Structure formats: C-alpha cells, structure tokens
Amino acid sequence: MSSSGNWEAVIGLEVHVQLRTQTKMFCGCINQYGGAPNSQVCPVCLGMPGSLPAPNEEAIRRTILTGLMFGCRIANVARFDRKNYFYPDMPKNYQISQFDDPLCAGGAVGLDPFLFPKDLQETDEAKAKRSIRLTRIHLEEDVAKSFHYEERSGIDFNRAGTPLMEIVSEADLRTAGEAFAFLGSLRQVLLSGNVSDADMEKGQMRCDVNVSVRPVGQKEFGTKVELKNLNSISGVRRALVYEIARQIAAVEKGEAIQHETRRWDDEAGATFTMRTKEKAHDYRYFPEPDLLPVRTDQGLRAAAESGLPELPAALQDRLMRENGVTAYQASVLAADRILCTYYEKAALGTQHKAVVANWILNDFLATQPEPASSPVRPEFFGELADLVAGGTINSAQAKKVFAELMANPSSPKALVEKLGLAQISDASALGVYCDEAIAANPRSVEDYRAGKGNAINALKGFVMKKSQGKANPAQVDEILKAKLSA
Amino acid sequence: MSVPKLNVADVAGLARLSLTPDETTKFSSQLSQILAHMETLGQIGTGDVPEVVPPAQPALRKDIPTPSLTVEAALSNAPAQSNDLILVPKIVE
Amino acid sequence: MSLAHETLASLRRRLVAKEIHPRDIIKDLLAQIDAREKTVHAFTHLDGQAALATAEKADLSLPLGGLPIALKDNLNALGDPCTCSSKILEGYRAPYDATAVARLRQAGALFLGRTNMDEFAMGSSTENSALGVTRNPWDSTRIPGGSSGGSAAAVAGRLAIAALGSDTGGSIRQPAALCGCVGLKPTYGRISRYGLVAFASSLDQIGPLTRTVEDSALLLSALAGHDPRDNTTDLRKPETFLAKPTGSVKGLRIGLPKEYFLPGMNAETEASIRSAASWFEKNGATLVEVSLPHTPAAIAVYYILATAEASANLARFDGVRYGRRAVDPKDLLDLYQRTRSEGFGPEVKRRIILGTFVLSQGYSDAFYRKAQKVRGLLRQDFESAFTKCDLLLTPTSPEPAFPLGERTQDPLKMYLADVFTISTNLAGNGAISLPCGFTKSNLPIGLQLIGPRFGEETMLGAAHAFEQAHDFWKRMPPV
C-alpha cells in the first residue's frame, strides 16, 4: 500500500474506547447514549464547585481485563492524573486521566489474516501474521457533546464523565491494511471480553492516527501528521491510503511534510489541513489529589482474571482442531460472539460439527442474519446433520427440510415426518422398486450390461420417481448393481 | 537552581487570565520574590525520598446508578441556555 | 443573659430540659448580630427568617437538635449561595449539600449565616474577600485572621455559637487563635471534603470553630467518618470524641519542637506558650524537646503544592455552567479571559499564576516534584517526633492579630504568618488551637496542640483539660 517502491509508512494509533458500564467513571449518573440533553448529569460530572470524583470499580476492572487480554503488564499501583486544558466540553477544565502510572503497559495485538480487508487476505502482508506492540492502556473520563449553531455552540453534558479507555499502539504499523486489521482485531477482543460494544460508527471506538513516511531502510521517523475525523475502520484504511500516497508524492517532489493535524473528509476521499502545530500543548499533568492510588493487587486484578474470556485466537484454534471447521469459518465465528455461541450450541449434540458450521454459515445466515433473535433453535442444526449422516434423509431432502425449518421452525425429525420425507432404506422394499425398474427399462439394462456404466442412472431415476424421492440412493445403487450383474 | 525567568503574561495565558499592564508588572516582581524563596528547596537533598504516595485503600464505587439532577436543577445556574443545552460562544477548532 | 453567650453543650442541656426553645437561640443571635455585625462583618449572607422557620421544626431528639451553626461560605448547602467571597460565584445557588452540611442536618442542626473568608480560602487575614473585610471582635482595627476569619469572628463575637471553617494551611487555627476561640483541623481524611469548594485538595480539611473544646468534639463526632463520595476519607468506624474526658494530662509526653521557638519571635506569644507548657508539666505531663528539621522549608513546599492544586481546582470557574459570565464575549477565549480576570481578585490571580508556573513544562521537576519530595521529608519529621511524644505543643501564630492593611501589599510576608500551622497540613496530622492567654493590649493568644494522625481523642482530651483549668475561653471581646 505504502510502497511506491522505496518508501514505507510508519503508523501509530491512539484508540479511545467507551466502556460498557452502568454508571459514569466518577459518579453514579447512568452511562447511556440517547438521553434528553443534560438529563444524566450531577454536581460531579458538571464540575460543580466542591464536587469530588468517586472512581467506578467496574470501569477499572474492565480496563485491567482489557490489559490482560492483550498481554499487558498490570500495574500493582496505578494512579490518576489531571490533564489541564480549557475547553467548554470539559466541565472542570482538566480531565482526570492517567499519565505516569497507567493501569496497563506493554502488550500486543496480533494481526489475523482474515481481519485484513477481503482484497488483501491473500497478500504477504496479511499472511505475515504480525504482532503490533501496545505502549499502554489507560482509563480516563470522556468529554461532553457539543452542537454547533450559527454563532454559538450548545453543550449536552450527558456524555461528560463516562468511562473512556485509551489504547495506544507503538508506531509498529506499516500499511493501511495493517491498521485495518489492527482495529478489527482490537474490536474482536474487546467484544469477546464484553468490555465495550466498540462500534466506530457509533463513536464507541474512536481512533486518531499518526502517520509519517520514510525511505525503506531508514531508522529515523519522518515528520508525523495526525489524522482526525475517522468514523469507521474502513474509513481509517481509506484515509491512510490517501495520506500515505500524499506524503510520498510530496517528499518525492522534494517538499517538506508539515507537522500538522489533518481532517479526513470521507466524501471527498481526501485529508485537509485542520491546524498546524506551532506550539505543543502544555497539559501540566500532576497526580490527581482527590483520588488515592488504585491498588490492583488486592482483589481487582483477580476479579478481572476470573472474567477472562477465551480469546479469539484461542477460540479459532479450538474450533478448527476440535470441530474441524475451516480457518475462514473459524475466523468468522470468532469475530461474532453471538453467532459463535449459537454455533457452539448447535454443534454441541452432534458428531458432525463441521456440517453444522456449513449449514449455519452458508445457508442460515443468508436468511436470518440475527441468530440471537431467530426462532430456529440451535439444536435443530445438530439434529439435521445427524439425520443426513444417519441416512434418514439424503442431502436433497435435507435442503427441503432446511427450507421448511426456516419457514416453520420446529424439530427437523418432526419436519421429515410432516413432509413425508423419511428415506426408504428397507432392502426388500427397495428390491421391489429395483425389479420394477429392470422390467420397465430393458434398453437401459442392455446398455449397462454392454458396458455403458451411465445407463444405470436411468434405472435409479425410475426408482427415485417411483419412491417419490425417498429411496436411499446409495442403497439403490448397490441393489441395482447386484441384480444386474447376477 | 537559579531564579527562573517567569513570563507572567505567558503563564497567565495558560490559566486563561488576561492581566492589565499594571497587574503584570506588580505580579512579576511579587512572584519573583516568592520564587526566590521557593528556590531554597533546591538545597534540600531529596535523592532517596520517594514522592509522597498516599496510602491506597480499596474504597471504590460500585457500578450502581444513583439519581441525577433534574434538567432544571442542572441548568439552574447556567448563565446562558437554550433547548436544555448550555450555550457558549461558537467553538471553532 | 443572652443565649448567644452559651456553648453548644450548655444549650443542648437546656433544650433537652425544655427550659428554652431553638427559636430563642436564633432570636438572641439575631439581636447580637443586629448590634455587632455592622462593626464585625462576619457574614456574607444571613437569612434569619429561614432559620426561625427551621427552628420551629427542630427535632430535639437528635444529637445537635435545634443548635444553630454558621457555615463558611465555601460549603455547599442546597439552595443557598456559596460565594467563596468571590465575585466569580455571584448568583450561584448550590444544587446539593456538602457531606459535612448533610451530616449536621441529619444530626438536627440549624444553619444561621454564611461566614466571610479570604476569596477561595486564599489568605490569612480575610482581607482578600470580594465582599468586604471582617474585623477582629477584640480590636476592630485589626484582622481576625484567615481564611476562616468570618467564622472565627462570629464565634468570638457571640454572633454564632459555633461555625464550620476549612483549613488548608492554618485557615481554621490561625483565626481561632487571633480571635480567642477553639479551632480544630482534623487529620486529613477524617471529614469528607465533598461539597467544600476546593482550594488545595491534598491539604484541605473541614473543621469546627467553637468556644470550647467540648463543642469542638461534639461537632467532630457528627462530622467524622468515611464518605463514599470522598475517596480520600479514611475507612475507620465513626467515633464519639471526648465522651468521658478525664481532665488529666498525667503521663502525657508533650513535645516542644525547637524549630517553633525562634529567636525574635513575639515575646508575649512566647511567654504565653511557655507558661502553657509549664502548666502541662506541673500537672503530670513530661516535656520533651523534639526536632522537625524540615520546618524552614514548609512555606515554600506549601505555596508550591497548594497553588499547583489550586490552579487546576479553580479552572472550572469559567462562566460556562454557573456563576458570573463576562458580558457579550466576542469569542470563547474572550469569555474565559474576561470572566476569570473580572471575577477573581488579585491574590487568587497571583496564586493561579504561581501554581500554573510550578506545573509548567520545564519547571515542574524543580518546583512541583521537588516540593512533593520535601513534603515526604516533612511527613517523616512528624512520624519520628511522635515516636518520642504523644502531642506537640507550639504557638498557633507567631504573633497576635496585626492591623488591617498592614500586609496586603506584601504577599510573602503574609504567607510567613502561616509558618506554625502549614506543616501539619503537609503531613496530614490533626491539630487544635485554643486560647492560652492575652497580650497586654487584650489580644488573644493561641496555643496549638498537634496530634499523631488520627490521634484526635488524645489531643482533645489534653486541650479540654487545659481549657477547663483556665478561664481564657470565658473572656468576652469588647466589640
């Protein structure tokens, strides 16, 4: 992507993630999107004189859990700090954040080939399965929402003070595709831990990108540009593709890259200068004196550990190893916890787990994209697979049963009966059909005996027609061959 | 440590204060006198002393909602409001 | 005699005995206020009618039932103004109760009057108030001390029976000493700060100003204890302080820190403190000399840390959500700058600038972080001193009340007035100031007893014994 041959991009991401908690970070107001303006506020989250922060244990636990999922070091003693700057969406004009002693440091995010954009999944960059190092994960409070009018702005403080986790990567990413896969992987893990809904389009996950270019082989970084207004994972990819090309074109023309913040315009498909950084902010960080340090070694870490889910990578391995699903199917299942739970329930009672995966991922999802709300009970798929494998119905019949299952969900066994589909496997009954077929088709019998193997198909067709499709095809084949060679 | 040059107007800007020329002059001389006094800390050896870390104790809030203010109470002190939003001059980035 | 001269404890006995009604106390106080408030100017806000109305509904079965308390004007009480004696909080009405206020309410107390203070508690004389100066009831040409000068003057001047103040570097104890009443700064973490408008979060404590140690203990018992809204409050169980005072100081080891007895200190103050020390010795305590070697650094450490924290704490006063807003701001920056420049007084601006500076890039290591480290040394000083003694005895203030206007142009000299009180805030210990004598010109002198952290019971016991053996607390100011 970055390569116009001799150039490579260096990309680092800062991802803000809204935590799924009942209440805000430092007060008991509910943490919920969509309330009437300023209806979910109190003296604390409005920054009223005299109010004090009371930290949300669950938000801390979820941040530690996130750190554990990414293999971070969890601080025994973490601290909150004040980050000072004036802005109307920040009630206290300082943000309670973490600076020197964040809850989590280090860790890494693995790039699964299937998390790359579809068109890149077969490329070397996708197959490289790189691991991207994290710098840190810390916990802070979100700011209010502003609405802009002609001359004034209006502020709704409902979002102010909701818990926000910041995940910072090292500048390890080299391509737009990797950034795409990184965010996808991040989202998958966050969903698996039930930490956040992590939907970028809903603002639950927000991403700032730092990107620079340099000649391949050079160690020093180029001048970095910050990209903002990225509202989807594919938007991040498009913005990076554009920005990397822009920077390479500029340096190839001998122009210097400005140290600046650029805004991605999704419609225009281009980035535009937002502000140039003349002077770095002086945030005057210092330890938040209203809060004691947080000890994680007295129960918090243990609580987080007990909530550790099976991580997507481990889940994929297990599904492939134990259930025999393909790598692609495993990645699809690992990416969607609800679907995966549904699948695992479906596969629980049958030996034919890969068949169940095929039914669910190929046929079922096409008709019912929301398995959680589907009236089709997952056990039905195991039953269907068993009916086919056990010879009760053939695959053509199975398709009929499936269609009926979607239309009128009930037990496949019952449906087979209802549709009158049960396969005839009784040898004597089939023998009668076969005898009839031989008697009625002397020409085909002759052809077969003359060595035209295909001629047997006409006889089979006769049996199937006579039996209304219920005859067990494999058995019919066997009986016919025996009779004809007799 | 030598008495640092304190640019009162710059620092005031960080704190969103605008000072009159008189205030700037007066504060400059008063504050450099105070800073000169504070400088004496430089003579105290603190090599091995860790920064004060208050004792940590597990007094964290459970994640259980408590009532918010009514919208009316929340906005009752706001100098300017409309449609339940608090108004400020237009925010331009 | 007017009920205004009594103590909480004596009024409580008479209320329970049904000799008097809460409204009688309010009426007597209002009469005193009518006569003296013009001179003293202890209050920023008074609503006698509201107090009389709540007096009618007082529940005398509660521990403070029907007893009126004055509140320093930096404590939020639902529906009341809370100006912090600043123009920037003009028009603000508290949308909630501070925990301390709520606890007093639950204990049955009534509120009469909001007391004057140095703006945002920044000062030692109450001259930094945007709402007028308060005068010392013992000599109206002199300052009452500060920043809780209104509370001290109200209690000393019989305009209130008791009051709450806040103490960041001596703001309860120093005015108590200069006005001749009892001022308690509890151990950091003892009383919830929720609802106290913050000056310096790691130093602020709420505490009572009263006429007697017994009253101080009564209020502390109602106020102390963990509050889930204040993460820095201690988790220990509630206590009743001074439930059974022994009146004895026998066997106590009283430490005299040599750094608090300096050559050139005010002679009358020193004589009074020495004689208080001898009283303890005569009554069975042992005097030991101890050292708090980092004392000389305390003022510098304090003014770095307190102003740094204040610079952030006061950032919220920006005219957006409450309080004063500059008229017709042309843009956001103008709104911030004019609101804050018009709303804050000079001392507040000075401290915000200082605090912003000591945290700024390139300077925070030399100032803020260095001061944090020295604070650690100061704390160690106290810890090692308390291995040798049970209480420390010092003057509260290096001198009695000074004349109004004397130091307003010399902030550093003003800062030095806090030299004996600041260290305890930095170390987090509790301390109490109580009257121990008068100068020849009839100005009160205050004695400070400092306890180990959470050692209030011992401290109150010793203070009570000393107080009851003398009659300084009974003396009435002339104003």
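Structure: above.
Residues numbered from 1 in each chain as written. Chains lettered and ligands numbered in written order. Predicted model: local features only at pLDDT ≥ 70, side-chain atom pairs only at ≥ 80, totals over all residues. Heavy atoms only, no water.

Residues and elements named next belong to chain C. Structurally, Thr83 can be placed in the loop between β2 (68-72) and α4 (99-106). You can call Thr83 buried: its relative accessible area is 15%. At 2.5 Å, the side chain of Thr83 forms a polar contact with the side chain of Asp73. Beyond its immediate sequence surroundings of up to four residues, Thr83 is in contact with Asp73, Leu89 and Leu131. (Helix = DSSP H or I, 4+ residues; strand = E, 2+ residues; numbered from the N terminus. Buried < 20%, exposed > 50% of the residue type's maximum accessible area, 1.4 Å probe, protein only. Polar contact = N/O pair within 3.5 Å; in protein donor to acceptor, adjacent residues only side chain to side chain. Contact = heavy atoms within 4.5 Å.)

Let's shift gears to the sheet that holds strand β2 (residues 85-89) of chain B. Spatially, the 4 strands line up as an open sheet ordered β9(A)-β10(A)-β2(B)-β1(B), and their pairing is antiparallel. Unpaired on one side and paired on the other, β9 (145-148) of chain A together with β1 (81-82) of chain B mark the two borders of the sheet. Judged from the 4 bridges that link them, strand β10 (residues 152-156) of chain A and β2(B) form a sheet pairing that is antiparallel. When the sheet's bridge partners are listed, A:Arg152 is paired in β2(B) with B:Pro89. (Pairing = 2+ DSSP bridges.)

Counting from both sides, the interface comprises 50 residues of chain A and, opposite them, 34 residues of chain B. Roughly 3,500 Å² is buried in total at the junction of chain A and chain B, and carbon and sulfur atoms are behind 60% of that figure. Applying the counting rule to chain A against chain B returns 1 salt bridge. Ionic pairing is found between A:Glu57 and B:Lys62, a salt bridge with its closest N-O pair at 2.4 Å. Residue contributions to the side of chain A that touches chain B peak at 5 residues, all from β10(A). In terms of residue class, the side of chain A that touches chain B is built from 25 nonpolar, 13 polar and 12 charged. (Buried area = accessible area lost by both parts, 1.4 Å probe. Salt bridge = Lys/Arg side-chain N within 4 Å of Asp/Glu carboxyl O. Nonpolar A, V, L, I, M, F, W, Y, C, P; charged D, E, K, R; others polar.)

All names here are of chain A. Read across the open sheet, the 3 strands follow the order β5-β4-β16; overall the sheet is antiparallel. Looking at strand neighbours, the two that pair on one side only are β5 (94-97) and β16 (286-287), the edges of this open sheet. When strand β4 (residues 81-84) meets β16, the two strands line up antiparallel, connected through 2 bridges. Bridge pairing in β16 links Arg82 to Phe286.

All told, the structure shown has 61 salt bridges over all chains when counted by the stated rule. Ionic pairing is found between A:Asp142 and A:Arg206, a salt bridge with its closest N-O pair at 2.8 Å. A residue pair is termed long-range when its members are at least 10 positions apart, and A:Asp142 in the loop between β8 (131-141) and β9 and A:Arg206 in strand β12 (residues 205-215) qualify at 64 residues. The class of A:Arg206 is partly exposed, set by a relative accessible area of 24%. For C:Glu270, the salt bridge goes to C:Arg274, with nearest N and O atoms at 3.1 Å.

Glancing now at the pairing of β9(A). Side-chain positions along a regular strand alternate between the two faces of the sheet. With 4 bridges joining them, β9(A) and β10(A) adopt antiparallel strand pairing. Looking at β10(A), one finds that A:Lys145 is bridged to A:Asp156.

All right, on to empty space enclosed by the protein then. Take a probe with the size of a water molecule and roll it over the atoms, and the empty space left behind shows itself. As enumerated under the stated definition, the model contains 9 cavities of 30 Å³ or more in all. Space inside the largest cavity adds up to approximately 170 Å³. Forming the walls of the largest cavity are 21 residues, and the residues nearest its centre are A:Phe26, A:Val44, A:Cys45, A:Lys92 and A:Glu141. With 3 residues, β5(A) is the largest single contributor of residues to the lining of the largest cavity. Tallied by class, residues from the lining of the largest cavity come to 12 nonpolar, 3 polar and 6 charged. Empty space within the second largest cavity amounts to approximately 80 Å³. Taken together, 14 residues make up the lining of the second largest cavity; nearest its centre are C:Gly123, C:Gly169, C:Ser171, C:Tyr302 and C:Asp418. Per-class residue counts for the lining of the second largest cavity are 5 nonpolar, 7 polar and 2 charged. (1 Å grid on protein atoms, 1.4 Å probe; cavity = no way out; pocket = protein on both sides within 12 Å on 5 of 7 lines; lining within 4 Å. Points joined across faces, edges and corners; volume = space filled by probe spheres on them.)

This part takes up the interface of chain B and chain C. In this assembly, 45 residues from chain B lie in contact with 58 residues from chain C. Joining chain B to chain C, the criterion identifies 1 salt bridge. The salt bridge involving B:Glu23 is made with C:Lys349; its shortest N-O contact spans 2.9 Å. Summed over the shared surface of chain B and chain C, the result is 11 residue pairs in polar contact (both at pLDDT 80 or more). Sorting the residues of the side of chain B that touches chain C by element identifies α1 (8-14), α2 (21-38) and β2 of chain B as the ones contributing at least two each. The leading source of residues in the side of chain B that touches chain C is α2(B), at 10 residues. Residues that form the side of chain B that touches chain C fall into these classes: 30 nonpolar, 10 polar and 5 charged.

Of the positions making up helix α7 (residues 213-223) of chain C, those classed as buried are C:Val213, C:Asp215, C:Ser216, C:Ala217, C:Leu219, C:Leu220 and C:Leu223. Just downstream of α7(C), C:Gly225 is the residue with a positive phi angle, here 125°.

What follows is about the packing of helix α7 (residues 327-335) of chain A against helix α9 (residues 353-367) of chain A. Pairs of packed helices are described in terms of their axes, by the angle between the two and the distance that separates them. All names here are of chain A. Two numbers describe how α7 lies on α9: the axes approach to 11 Å, and their chain directions differ by 65°. Crossing angle aside, the handedness with which α7 passes α9 is left-handed. Here α7 contributes Gln329, Val332 and Leu333 to the contact with α9, which in turn contributes Ala357, Asn358 and Leu361. Per-class residue counts for the contact of α7 with α9 are 4 nonpolar, 2 polar and no charged. (Axes fitted to C-alpha atoms, helices over the stretch in contact; angles between N-to-C directions. Left-handed = near helix turned anticlockwise from the far one by under 90°.)

Along the chain, C:Glu309 turns up in helix α9 (residues 298-313). Although C:Glu309 is buried, it forms no salt bridge, and the closest oppositely charged side chain is C:Arg375 at an N-O distance of 4.7 Å. Setting aside chain neighbours within four positions, we find C:Glu309 in contact with A:Arg82, A:Phe286, A:Pro289, C:Phe199, C:Ala200, C:Ser201, C:Ser202 and C:Leu203. (Lys, Arg positive; Asp, Glu negative; His and termini not counted.)

Residue and element names in this part refer to chain C. In the structure shown here, the tally under the stated rule is 29 aromatic pairs over all chains. Between Phe120 and Phe344 the ring centres are 5.9 Å apart and the planes differ by 70°, which places this aromatic pair in the edge-to-face class. With a gap of 224 residues between them, Phe120 in the loop between β3 (110-115) and α5 (149-156) and Phe344 in the loop between α10 (332-343) and α11 (346-359) connect regions that are remote in the sequence. The exposure classification of Phe120 matches that of Phe344, with both residues buried. Ring centres of Phe317 and Tyr322 lie 6.1 Å apart, and the angle between their planes is 75°; this geometry places the pair in the edge-to-face category. (Phe/Tyr/Trp six-rings, centres within 6.5 Å; stacked < 30°, edge-to-face > 60°.)

What follows deals with unusual backbone geometry. Going from C:Gly146 to C:Ser147, the amide bond is cis rather than trans, its omega being 10°. The residue A:Asn229 is not glycine, and still its phi comes out positive at about 65°. Tracing the backbone shows A:Asn229 in the loop between β13 (225-228) and α4 (233-252). Note on A:Asn229: relative accessible area 31%, which makes it partly exposed. For C:Lys18, which is not glycine, the phi torsion reads 60° and is therefore positive. Here C:Lys18 lies in the loop between α1 (8-16) and α2 (22-40). Owing to a relative accessible area of 69%, C:Lys18 belongs among the exposed residues under this scheme.

Let's shift gears to the nonpolar core. Ranked by size, the top nonpolar core spans 162 residues in total, and within it A:Val15, A:Phe182, A:Leu183, A:Val209, A:Leu240 and C:Phe120 carry the most contacts. Element by element, the count of residues in this core is highest for α9(C), at 12 residues. Setting aside its immediate chain neighbours within four residues, A:Leu240 contacts A:Ile11, A:Ala176, A:Ala179, A:Val209, A:Val211 and A:Leu227. If you look at the next biggest cluster of nonpolar residues, it comprises 103 residues, including C:Ala98, C:Leu104, C:Ile172 and C:Leu434. (Core = buried A, V, L, I, M, F, W, Y, C linked by side-chain atoms within 4.5 Å.)

With that settled, the discussion passes to the packing of helix α15 (residues 456-466) of chain A against helix α16 (residues 473-484) of chain A. All names here are of chain A. Contact geometry of α15 with α16 gives a least axis separation of 10 Å together with a crossing angle of 125°. Compared by their axis directions, α15 and α16 come out oblique. Relative to α16, α15 is oriented so that their crossing is right-handed. Here Ile456, Leu459, Lys460, Val463 and Met464 of α15 lie close against α16, whose contacting residues are Pro473, Val476, Asp477, Leu480, Lys481 and Leu484. (Parallel < 35°, antiparallel > 145°, perpendicular 65-115°, else oblique.)

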